[in-house]
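Per-entry structural report
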Amino acid sequence: ESLLGYITRYSHTFQFQPGDVISALGLDPGAGSLAAAARYGVSLSAEQLQHAAFATGITTDVLKGMLLSRYADRAFGRSTIAAPVALTDAVQGQQMWIWCSRFCPPCLREDGAWQLRWQLGCSALCTRHQTLLRLRCPQCGRVPQIGARRRWQQDHRGLLTDPSRCWRRHQHALCRANLAEADTVSVAGDTQLLAAQRRIDALLDEQPQHRIGN
């Protein structure tokens, strides 16, 4: 699960504003704006990791695995992490999304968790459910957003906190499509495609010296 997804799901479960959770985890360095905390889904300092680990009870090693930086030197170059705007080159090259994500409807239906790997351009399908990952909301046709909000989105129907619903806005109303119920395309019969995705997944989880492209 991505740290962005965890914060959203935690906020929904306990009905806290996301910004309050971000601050409680020590991810907003006192500036009171998401701009100051914009890197929290990408990488965290040692101090931020310790603070978040203390607040959540999640070990620092597990927290590191919830950040896009875990794929440095595999899905993208490590130098992009330290850039003034983190991962700009990788994002422009469509290697990944920072605030948006592909998604697997059956996964969302089962646990409501947004997986970190879904944000990578090289993740095309869910090997667990043997279906293609969806890129766009079935109702509004836009790529779903995750994270990047201090307060829950709201329209004339009230607040929307459910992380499995589309939060995109159109003409002053929220889309609210249930992403967990979106149609899927099965690839169960394509053994070569499944094997290729499993190999990519294995490479992503290996040490940097085995990075993709070597």
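In this text the structure is predicted, and so the values were computed from the model without any measurement. (Residues numbered from 1 in each chain as written. Predicted model: local features only at pLDDT ≥ 70, side-chain atom pairs only at ≥ 80, totals over all residues. Heavy atoms only, no water.)

This next bit is on the overall build of the chain. A count of helical and extended segments in the chain gives seven helices and six strands. In the chain, the succession of α and β elements from N to C terminus is α-α-α-α-α-α-β-β-β-β-β-β-α. Counting only residues that meet the buried cut, the chain has 43% of its 214 residues in that class. Taking as baseline every contact in the chain between residues at least 6 positions apart, the subset at least 24 positions apart corresponds to 59%. Here the chain displays about 10900 Å² of accessible surface, and carbon together with sulfur accounts for 49% of that area. (Helix = DSSP H or I, 4+ residues; strand = E, 2+ residues; numbered from the N terminus. Buried < 20%, exposed > 50% of the residue type's maximum accessible area, 1.4 Å probe, protein only. Contact = heavy atoms within 4.5 Å. Areas by Shrake-Rupley, 256 points an atom, 1.4 Å probe, with all protein chains shown as cover.)

A few words on the layout of surface pockets. Picture a little ball the size of a water molecule; that probe, rolled over the atoms, points out where space is still empty. The computed volume of the largest pocket comes to approximately 280 Å³. Of all the secondary-structure elements, those providing two or more residues to the lining of the largest pocket are β1 (125-126) and α7 (191-204). (1 Å grid on protein atoms, 1.4 Å probe; cavity = no way out; pocket = protein on both sides within 12 Å on 5 of 7 lines; lining within 4 Å. Points joined across faces, edges and corners; volume = space filled by probe spheres on them.)

Right, let's get into the pattern of salt bridges. Taken as a whole and assessed by the stated rule, the structure comprises six salt bridges. The residue Arg9 makes a salt bridge to Glu1 at a minimum N-O spacing of 2.7 Å. Look at Arg9 and you get partly exposed, because its relative accessible area is 27%. On the basis of relative accessible area, Glu1 is assigned to the partly exposed category, the value being 24%. The residue Arg117 makes a salt bridge to Asp201 at a minimum N-O spacing of 3.7 Å. Here Asp201 lies in helix α7 and Arg117 lies in the loop between α6 (105-111) and β1, a separation of 84 residues in the sequence. The network of salt bridges with common partners includes Arg70, Arg117, Asp201 and Asp205. (Salt bridge = Lys/Arg side-chain N within 4 Å of Asp/Glu carboxyl O.)

What follows concerns the confidence of the model for the chain. Predicted confidence across the chain gives a mean pLDDT of 84, with 82% of residues reaching 70 or more. Averaged over each element, pLDDT in the chain is lowest for helix α5 (residues 88-92) (50) and highest for strand β2 (residues 131-132) (97). Contacts from residues 32-37, a stretch scored under 50 in pLDDT, to residues over four places away or in other chains number 14 contacts. (pLDDT = per-residue confidence, 0-100.)

A word on the environment of Ala53. In this fold, Ala53 is placed in helix α3 (residues 46-56). According to the relative accessible area criterion, Ala53 is buried, its value standing at 15%. Each C-alpha atom, one on Ala53 and one on Leu25, is 8.1 Å from the other, the two residues being 28 residues apart in sequence.

To continue, consider α3. Listed as buried for α3 are Gln48, Leu49, Ala52 and Ala53. Buried residues of α3, viewed axially, fall in a sector of 130°; they line one side. α3 presents Ala46, Glu47, Gln50 and Phe54 as exposed residues on the side facing more than 90 degrees away from its buried surface. Looking at the buried residues of α3, the elements they touch are α4 (60-64). Following α3 by one or two positions, Gly57 has its phi on the positive side, about 80°. (Arc of directions from axis to C-beta.)

Moving on, we come to the nonpolar core. Among the nonpolar cores identified, the biggest contains 33 residues, and Leu3, Ile7, Leu27, Tyr40, Leu63 and Trp118 are the most heavily contacted of them. At the level of elements, α1 (3-14), α2 (18-24), α3 and α6 are the ones that each hand at least two residues to this core. With near-sequence residues (within four places) excluded, Leu3 lies in contact with Leu27, Tyr40, Leu44, Leu63, Met66 and Leu67. Counting residues in each nonpolar core, the second largest holds eleven residues, with Ala72, Ala75, Met96 and Ile98 among its members. (Core = buried A, V, L, I, M, F, W, Y, C linked by side-chain atoms within 4.5 Å.)

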